[in-house]
Amino acid sequence: VHYGELLDYLIDGLIEKSIDFQLVSEYEENEPSNKFTLAINAIRLPEFNADALQQYLASKQIYVSIGGSACTEKHDYRVLNAYELSNDEASEVIRVSFGEDSSIEDVKALVDGIKEFKEKFV
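Residues numbered from 1 in each chain as written. Predicted model: local features only at pLDDT ≥ 70, side-chain atom pairs only at ≥ 80, totals over all residues. Heavy atoms only, no water.

Caption draft 1: Molecular detail of the side chain of aspartate 76. Note on placement: aspartate 76 falls in the loop between strand S3 (65-66) and helix H3 (78-82). A polar side-chain atom of aspartate 76 sits 2.4 Å from a polar atom in the side chain of arginine 78. (Helix = DSSP H or I, 4+ residues; strand = E, 2+ residues; numbered from the N terminus. Polar contact = N/O pair within 3.5 Å; in protein donor to acceptor, adjacent residues only side chain to side chain.)

Put into structure tokens, the structure is as follows:
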């Protein structure tokens, strides 16, 4: 439940701040629960450079990952390509992971950081 509340807050915050986004894999009610977790989320932010956003957020001590495959080179998008994203679209994807200690305040800081980045660079 905790991760679902954080994800809902993230989605609501992005909508409230008028930030266009796409969840790369959306939960399907009839999908077996072992195939989906709310703790790890791939989010595409059209027109955002995920590499630059990641660095910007890290400078504010907000940590996300880029959308490339974690076990390979930085710009290996084969997993995102399987979700029918082009490499250009995949380069706009960040991964947001929640842990047991993640809070609404953490999500608020993330949304605010994305909004600031958008205002400055997008």
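That shown, we press on.
Caption draft 2: Inspection of the packing of aromatic side chains at higher detail. For the structure shown, the criterion picks out four aromatic pairs. Residues phenylalanine 48 and phenylalanine 117 carry aromatic rings whose centres are separated by 5.7 Å and whose planes lie at 25° to one another, so their mutual orientation is stacked. Here phenylalanine 48 is found in the loop between strand S2 (40-44) and helix H2 (50-59), whereas its partner phenylalanine 117 is found in helix H5 (residues 104-121), with 69 residues between them in sequence. We classify phenylalanine 48 as buried; its relative accessible area is 5%. Taking relative accessible area as the criterion, phenylalanine 117 reaches 5% and is therefore assigned buried. Cluster of aromatic residues (ring-pair linked, three or more members): Phe48, Tyr56, Phe117 and Phe121. (Phe/Tyr/Trp six-rings, centres within 6.5 Å; stacked < 30°, edge-to-face > 60°. Buried < 20%, exposed > 50% of the residue type's maximum accessible area, 1.4 Å probe, protein only.)

Caption draft 3: Structural context of the environment of serine 102. If you trace the backbone, serine 102 turns up in the loop between strand S4 (93-97) and H5. Along the sequence, serine 102 and alanine 39 sit 63 residues apart, while their C-alpha atoms lie 9.9 Å from each other. Filtering out sequence-adjacent residues up to four positions away, serine 102 remains in contact with His2, Leu6 and Ser97. Among the polar contacts listed, one links the side chain of serine 102 to the backbone nitrogen of glycine 99, at a separation of 2.8 Å. (Contact = heavy atoms within 4.5 Å.)

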